[in-house]
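Below, each chain spelled out in residue letters.
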Amino acid sequence: MVLPAVADPFAASPLLARFAGMDRAALEAHQLRRVQSLCARLHATSSFYRERMEAGGLKDGTVDSLDRFTRAMPTSDKKAFLADQQAHPPFGARLGVDRDAVVHISMTSGTSGQGQELYGRTQRDVHMLGYLHALPWFMAGLRKGDTALNCVPAGGMTTGGWGPGEAIRILGATPFHVGGNLSTDAKIELMLKLGTVHFIYASTNYLHTLTEALLARGIVPREAFPGMHGLFIAAEGYPVEWAEKIEQHWGCRLQEGYGSTQLNGFGASTAAAGVHRDGARGLMRLFEWEHLIEILDPETLAPVAPGEVGEMVVTNLSVEGSPVVRFRTGDAARLIPWTEAGGGAWNAIECGTIGRFDDMMKIRGNNVWPSMIDAAVFAHGEVGEYAGRIYTSGDGKTEIEVRFAVAEHQAGLCADDRSRLVRSVRDAIKQRTNVWMDVREVPRSEFAEFAYKARRWKDERQQGYRL
Amino acid sequence: MDEDALLAEMLALAERLCASGDALMAGQYAHLKARIEALIALREPACAA
């Protein structure tokens, strides 16, 4: 069953319709004006960027074309930002605004283990932070008067902690920020008390957990919440089969966005088109009037060919404090150029497959991303959660262990069904990764509930290399 | 500078923006208007004195 698309998301906003109606030449002319303005400002206010511009040959921060900008301006990365912060605490010389203009902090999560980048934002940036979350949700159907459930932990010092609250507020909807402060049981109780919930924002993993918990309680989401008209996920990959089942359970379309701290919110979304079409993955269209997003080969830094996976390298076009200029995100995405994206002038990336280049695991000569294994495992609707571990066996061989638990609402599976499921998951992983892994079923209680981004994989190979 | 007069002018302008039929901007205009209203309200005790 494929649910119908949300009604034209641009019809209710003449402004958005104008953005959507821009041709490529007009869009790139706008990008060039913003890049010129950004470089001129940063040349005057940021020694970090001034040195890069001069080194690349952009004398005095002058940019005469986007092509020249992307050829001449050196990229920067997390390591360079952290070194800059160390040399010029707390924000680094890349801040680009007066220190007393900083009224808001965004910090990266630090999950890479390298350290946390700090971004100082201005009053205007805070509005844009809300707008850059509101924009995809508006396109996904969130409207004034709607009740919205934000399952991502709110507050703190992350972009994802503050953006949703600002976004829902400036759209005039009513937010319930339940992420991180209510258990899944308490969230369900609240939802049932509210009766009408129109919109849910959650990580992919948490939408899965919430859906599974509702079904385990005998609650069919589409019947309990018939007013639901938008589910919006971000942060993690998933199989198309999972997305189709989520839509069937909830009775509404599933939308996806790509965002980050560096983008000060979202940089792409499915608008209202949904995450799949005709059994294939859908597209997230890039908000290219707000960000310049290049998708490059991480080795050569040359643009990837259409349909290829590359690293997203981003430049902010509307951020004042701590802007990023040709920042290497480490995020891997498949490019679908605007000419092949079914209309409009915005380039696109594929839904459900955003990965991290630094998450790539080299296993027995194969490049394996956790998202590939997510897709193989969660294509089985009986699976509730899983975790993987790579380790070195006593005889020095690389071994891979995948433990999965059957979903709560599938607890009635018989032993034969469970054995078949183990074999099927093992075969699916081999098919997607070219690697045989040791797959076994474990009790659901072995998995702690993930509130936001799931970290399912542990690489313990080095621990086995002991003499 | 008559800050109260400026805020009153800004409120009148924000009210005009709120009549926009653009649903993406409507909430943001309402947010702007409410901020101006709050600034007027918090100054009011001094105006009355």
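Just above, that's the structure.
Source: prediction; values computed, not measured. (Residues numbered from 1 in each chain as written. Chains lettered and ligands numbered in written order. Predicted model: local features only at pLDDT ≥ 70, side-chain atom pairs only at ≥ 80, totals over all residues. Heavy atoms only, no water.)

Participant: Explain the overall build of chain B to me, using residue names and the numbers behind them.
Facilitator: Tallying secondary structure elements over chain B gives two helices and zero strands in all. Based on the C-alpha atoms only, the size of chain B along its principal axes is roughly 40 × 15 × 15 Å. Residues classed as buried in chain B amount to 22% of the 49 residues present. If the 4 positive side-chain charges of chain B are averaged to one point and the 8 negative ones to another, these points end up 5 Å apart. (Helix = DSSP H or I, 4+ residues; strand = E, 2+ residues; numbered from the N terminus. Buried < 20%, exposed > 50% of the residue type's maximum accessible area, 1.4 Å probe, protein only. Lys, Arg positive; Asp, Glu negative; His and termini not counted. Charge placed at Lys NZ, Arg CZ, Asp CG, Glu CD.)

Participant: Break down helix α9 (residues 204-216) of chain A for me, citing the residues and quoting the values.
Facilitator: Residue and element names in this part refer to chain A. Its 13 residues place the ends of α9 18 Å apart at the C-alpha level, agreeing with the 18 Å of an ideal helix rising 1.5 Å per residue. Of all 13 residues making up α9, 12 are buried, and the element is well covered by its neighbours. Among the residues of α9, Thr-204, Asn-205, Tyr-206, Leu-207, His-208, Thr-209, Leu-210, Thr-211, Glu-212, Ala-213, Leu-214 and Leu-215 are the ones counted as buried. Directly after α9, the chain includes Gly-218, whose backbone phi takes a positive value near 75°. (Expected span 1.5 Å × (residues − 1).)

Participant: Quick one: what's the story with the nonpolar core, residue by residue and with numbers?
Facilitator: Residue and element names in this part refer to chain A. Phe-69, Ile-200, Leu-207, Leu-231, Trp-250, Leu-254 and Ile-349 are the most contacted members of the largest nonpolar core, which has 64 residues in total. Residues contacting Ile-349, with those up to four places away along its chain left out, are Tyr-258, Ala-268, Gly-282, Leu-283, Met-284, Leu-286, Ile-295, Met-312, Ala-333, Arg-334, Ile-336 and Ile-354. Of all hydrophobic cores here, the second largest spans 31 residues; its members include Phe-138, Val-152, Phe-199 and Ala-271. (Core = buried A, V, L, I, M, F, W, Y, C linked by side-chain atoms within 4.5 Å. Contact = heavy atoms within 4.5 Å.)

Participant: Pulling in residues and values, what's your account of the pairing of strand β7 (residues 254-260) of chain A?
Facilitator: All names here are of chain A. Buried residues dominate β7, accounting for six of its seven residues. The sheet contact formed by strand β6 (residues 230-234) and β7 spans three bridges and is parallel. Pairing of Phe-232 across the sheet is with Gln-255, part of β7. Once the chain exits β6 it traverses helix α11 (residues 240-250) before rejoining the sheet at β7, and the crossover so formed is right-handed. Taken together, the four bridges between β7 and strand β8 (residues 265-269) define a ladder with antiparallel strand orientation. Pairing of Gly-257 across the sheet is with Ser-269, part of β8. (Pairing = 2+ DSSP bridges. Right-handed = clockwise from strand over helix to strand, strands pointing away.)

Participant: Could you give an account of the sheet that holds strand β20 (residues 398-406) of chain A, with specific residues and numbers?
Facilitator: Residue and element names in this part refer to chain A. On the basis of which strands lie adjacent, the open sheet formed by four strands has the order β21-β20-β19-β22 and mixed pairing. Taken across any chain shown, the strands that pair with only one partner, and hence form the sheet edges, are β21 (438-441) and β22 (457-460). On average, each strand axis in the sheet is tilted by 15° relative to the strand beside it, whichever way the strands run. Sheet topology note: the strand β19 (residues 383-392)/β20 ladder contains nine bridges and is antiparallel. Opposite Gly-388, over in β20, you have Val-402 as the bridge partner. Here helix α12 (residues 370-378) sits on the sheet and contacts β19 and β22; the angle it forms with β19, its principal contact strand, is near 140°. (Axes fitted to C-alpha atoms, helices over the stretch in contact; angles between N-to-C directions.)

Participant: If you had to explain the packing of aromatic side chains to someone new, which residues and values would you point to?
Facilitator: Residues and elements named next belong to chain A. All chains considered together, the criterion is met by 19 aromatic pairs over all chains. Relative to Trp-289, the ring of Phe-287 has its centre 5.7 Å away and its plane inclined at 45°; by these criteria the two rings are tilted. For the pair Phe-287 and Trp-289, one class covers both residues: buried. Plain terms: the ring middles of Tyr-386 and Trp-457 are 6.3 Å apart, the flat faces sit at 70° to each other, and that makes the pair edge-to-face. Placement of Tyr-386 in strand β19 and of Trp-457 in strand β22 is noted, with a sequence separation of 71 residues between them. (Phe/Tyr/Trp six-rings, centres within 6.5 Å; stacked < 30°, edge-to-face > 60°.)

Bear in mind that shape data such as this cannot, by itself, settle questions of function.
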